[in-house]
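Each chain, written out:
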Amino acid sequence: MFRDWRSAIKWLLLAFSLLVILGLLLGELAAVLALGMGAYIIYTLFQLRRLHRWLSTGQSVSRAPPPETFGLWGFIYDGIYHIQRRERKALEHLKNIIDKAQDSTAALEIAVVMIDSKGRLEWWNPAAEKLLGLITPKDKNQLLTNLIREPRFLDYFQKETYVTPLQLPSPVDNRLMLEYQITRFGEGERLILIRDISQLHRLEMMRKDFVANVSHELRTPITVITGYLETLLDQKESIASRWIKPIEQMYQQSRRMENIIRDLLTLSQLETKSVSRQQTSISVASFLREIKTDAEQLFPEKNHRINIECEDDCELAGNISELYSAISNLVFNAAKYTQNEGLIILRCIPAGNPPTIEVIDNGPGIAAHHIPRLTERFYRVDESRSTDTGGTGLGLAIVKHVLARHSANLVIASTLGKGSHFTCQFPAERLHPARRENKIAQKSASIQ
Ligand code: ADP
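Not measured: the values here are computed from a predicted model.

Asks: Sorry, what's going on with the overall build of the protein here?
Replies: Looking only at helices and strands, the protein has 14 helices and 13 strands in total. Over its C-alpha trace the protein gives a radius of gyration of 41 Å, far above what one expects of a compact globule, namely 22 Å for 448 residues. Counting only C-alpha atoms, the protein reaches 150 × 50 × 50 Å along its principal axes. Per-residue burial over the protein gives 35% buried out of 448 residues. Nonlocal contacts in the protein, meaning residues at least 24 apart in sequence, comprise 57% of its contacts between residues at least 6 apart. Surface accessibility of the protein: about 28100 Å² in total, with carbon and sulfur atoms responsible for 58%.

This is the structure we're talking about:
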């Protein structure tokens, strides 16, 4: 570049010197210089006009090489031409990348939908047309919530964060089961991935049906066997003494099997029954008192101190028999595993954030590495400990399911040798201090 500048300046100086010599020879220095300057300005204007025409002839001609010229102007033309070619190549490269991305998303079986910050459809791939029935380009800029009107989807879509995916039948074909996973990006935009999980869903349904059917079919034979064994044990004197121990063991095992079948049936009902819309509100204090009495009756020999820390005026709303089964499972576990004379606390914090019902014991505790797996079916910390106490390994799985059906969470904390702390975190609309209108109703009822 410098070389071009230098030679341009050299040429200018040479022309200027020639003009000066010519001017001096002719004795008209000023006129010759003015003429020379005029000619240079005209040449420059001419080149500017060519440049302007070349640039303004548009995209198609700009691809043509620039007008032939020499010197500094030639250098400027070439420079612009090179920049244009470089940009064109970069554009082509980008276009290729976009084409490839579009081709690959078009070939995807997973539907991909992009939603703008106002919740309107911005872009989708062909799989989204098949799974969600989107029409290209008619549905562009439509609100997604106008096209998928299922209330569960609306709740999910309006969430701030999307931790777990949502499963719903397809809006165009309810035989298809879809899994929605939403991710936020950019400034409030969302990317939705939708997978067809019909096959998986069918297998899952088959598994649930199988467990439910097997448990149901086994219930009657086991009840009959347990009944007969119980009758036999009631008449020990008529049985040869060498048979007593085996019959006692058979009885013990058949009771265990009965418990497992009962818990499996409960679990499969929790999995298959949809959450009932009918919700009842009860007083937590009396609910906990009832569970305490049941625990004391179940384990009378253990002599536990069971304390209830709960204000009289807090309420819990939901399916009460399910909630009883969840909280009582925690309390019976505490009673089962805590040594004689142990302390068990049933606590309710209705104004907490989140509101909680807690079951605390000073029993043997659970090692940290077991805690994440405790709610898995048949997971037991200590096989012999559970078998001795008649455990099925299904109790905490039931607790987790019931709580999930009430939009609640189970948090487990425990220290070996010190005890365990099970916390059920409820949403405030389910567990709260008694509402004012209820209190007034209760008061007026007590006055009457
Ligand atoms: P199980 O019917 O065997 O009690 P659960 O699912 O209710 O099954 O509990 C899983 C395991 O967690 C139990 O086997 C037991 O070892 C452990 N566990 C549960 N609650 C307690 C507790 N309060 N203290 C100590 N261990 C507990």
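Asks: Before we go on, may I ask you to explain the pairing of strand β8 (residues 314-318) in this structure?
Replies: The side chains of a regular strand alternate, first on one face of the sheet and then on the other. Buried residues dominate β8, accounting for five of its five residues. Here β8 shows a buried face lined by Cys 314, Leu 316 and Gly 318 and a second buried face lined by Glu 315 and Ala 317. Relative to β8, strand β6 (residues 280-283) runs antiparallel, the two being bridged by four bridges. Its bridge partner being in β8, Ile 282 is matched across the sheet by Leu 316. In this sheet, strand β13 (residues 431-433) lies alongside β8 in antiparallel orientation, the contact comprising three bridges.

Asks: For this particular structure, what's the right way to read the sheet that holds strand β10 (residues 356-361)?
Replies: Pairing is mixed in the open sheet, where five strands are placed in the order β7-β9-β10-β12-β11. The outermost strands of the open sheet, each flanked by one partner alone, are β7 (305-309) and β11 (409-415). Strand-to-strand twist of the sheet, defined as the mean angle between neighbouring strand axes without regard to direction, takes the value 10 degrees. Pairing geometry for β11 and strand β12 (residues 419-425), over seven bridges, is antiparallel. Note that in β12 the partner of Ala 413 across the bridge is His 421. The strands touched by helix α10 (residues 284-298) are β7, β9 (343-349) and β10; relative to β7, the strand with the most contacts, the crossing angle is about 175 degrees.

Asks: Could you clarify how one ought to interpret the packing of aromatic side chains in this entry?
Replies: What characterises a pair of aromatic rings is the spacing of the ring centres plus the angle enclosed by the ring planes. If you walk through the whole model with that rule in mind, you get seven aromatic pairs. Between the aromatic rings of Phe 153 and Phe 157, the centroid separation amounts to 5.7 Å while the plane-to-plane angle is 20 degrees, which identifies the pairing as stacked. Of this pair, Phe 153 and Phe 157 both sit in helix α7 (residues 151-157), separated by four residues, roughly a single helical turn. Geometrically, the ring pair formed by Phe 153 and Tyr 180 is tilted, given 5.0 Å between the ring centres and 55 degrees between the ring planes. With a gap of 27 residues between them, Phe 153 in helix α7 and Tyr 180 in strand β4 (residues 177-185) connect regions that are remote in the sequence. An aromatic cluster is built from Trp 54, Trp 73, Tyr 77 and Tyr 81, whose rings are joined through pairwise contacts. Lying over the aromatic face of Phe 157, Arg 190 brings its terminal NZ or CZ to 4.1 Å of the ring centre.

Asks: Got a minute to help me understand the layout of surface pockets in this structure?
Replies: In this approach, a probe sized like a water molecule rolls over the atoms, and the result shows the empty space that is left. There is about 2000 Å³ of room inside the largest pocket. Along the wall of the largest pocket there are 42 residues; nearest its centre are Arg 152, Leu 166, Val 275, Ala 404 and Arg 405. Every element with two or more residues in the lining of the largest pocket is listed here: α7, β3 (166-169), α8 (198-234), α9 (241-272), α13 (395-405) and β11. Take the lining of the largest pocket: its biggest share by element is five residues, from α13. Per-class residue counts for the lining of the largest pocket are 18 nonpolar, 12 polar and 12 charged.

Asks: I keep staring at the environment of His 93 and nothing clicks. Help me out?
Replies: With respect to the helices, strands and loops of the structure, His 93 is situated in helix α4 (residues 71-107). Counting along the chain gives 65 residues from His 93 to Gln 158, while the straight-line C-alpha distance between them is 38 Å.

Asks: Just checking my understanding: could you explain the nonpolar core for this structure?
Replies: Across soluble globular proteins, you tend to see nonpolar side chains buried next to one another. Ranked by internal contacts, the top residues of the largest apolar core, which has 47 residues, are Val 284, Ile 357 and Phe 426. The element best represented in this core is helix α11 (residues 320-337), accounting for eight residues. Look past the residues within four positions of Ile 357 in its chain and what remains in contact with it is Val 284, Leu 288, Leu 316, Ile 327, Arg 347, Cys 348, Phe 422, Thr 423, Cys 424, Phe 426 and Leu 431. Counting 23 residues, the second-largest nonpolar core is a separate cluster that includes Leu 121, Leu 132, Tyr 180 and Ile 182.

Asks: Where do I start with a nonpolar patch on the surface in this structure?
Replies: Among the surface-exposed residues, Trp 11, Leu 14, Leu 18, Ile 21, Leu 22, Leu 25 and Leu 26 lie close enough to one another that they form a single nonpolar patch of about 810 Å² accessible area. Looking at where Leu 26 falls in the secondary structure, it is placed in helix α1 (residues 2-26).

Asks: Can you walk me through the packing of α11 against α13 in this structure?
Replies: Two numbers describe a pair of packed helices, the interaxial angle and the distance between the axes. Taken N-terminus to C-terminus, the directions of α11 and α13 make an angle of 145 degrees; their axes are 9 Å apart at the nearest point. When the axes of α11 and α13 are compared, the crossing they make is left-handed. Residues Glu 322, Leu 323, Ser 325, Ala 326, Asn 329, Leu 330 and Asn 333 of α11 form the contact with α13, whose participating residues are Gly 395, Leu 396, Ile 398, Val 399, Val 402 and Arg 405. Tallied by class, the residues present in the contact of α11 with α13 amount to seven nonpolar, four polar and two charged.

What counts, and where the lines are drawn
- Residues numbered from 1 in each chain as written.
- Predicted model: local features only at pLDDT ≥ 70, side-chain atom pairs only at ≥ 80, totals over all residues.
- Heavy atoms only, no water.
- Helix = DSSP H or I, 4+ residues; strand = E, 2+ residues; numbered from the N terminus.
- Rg over C-alpha atoms; globule rule 2.2 N^0.38 Å.
- Buried < 20%, exposed > 50% of the residue type's maximum accessible area, 1.4 Å probe, protein only.
- Contact = heavy atoms within 4.5 Å.
- Areas by Shrake-Rupley, 256 points an atom, 1.4 Å probe, with all protein chains shown as cover.
- Pairing = 2+ DSSP bridges.
- Axes fitted to C-alpha atoms, helices over the stretch in contact; angles between N-to-C directions.
- Phe/Tyr/Trp six-rings, centres within 6.5 Å; stacked < 30°, edge-to-face > 60°.
- Lys NZ or Arg CZ within 6 Å of the ring centre and 35° of its normal.
- 1 Å grid on protein atoms, 1.4 Å probe; cavity = no way out; pocket = protein on both sides within 12 Å on 5 of 7 lines; lining within 4 Å.
- Points joined across faces, edges and corners; volume = space filled by probe spheres on them.
- Nonpolar A, V, L, I, M, F, W, Y, C, P; charged D, E, K, R; others polar.
- Core = buried A, V, L, I, M, F, W, Y, C linked by side-chain atoms within 4.5 Å.
- Patch = residues over 30% accessible without salt bridge, like charges linked within 9 Å, V, L, I, M, F, W, Y side chains within 5 Å.
- Salt bridge = Lys/Arg side-chain N within 4 Å of Asp/Glu carboxyl O.
- Left-handed = near helix turned anticlockwise from the far one by under 90°.

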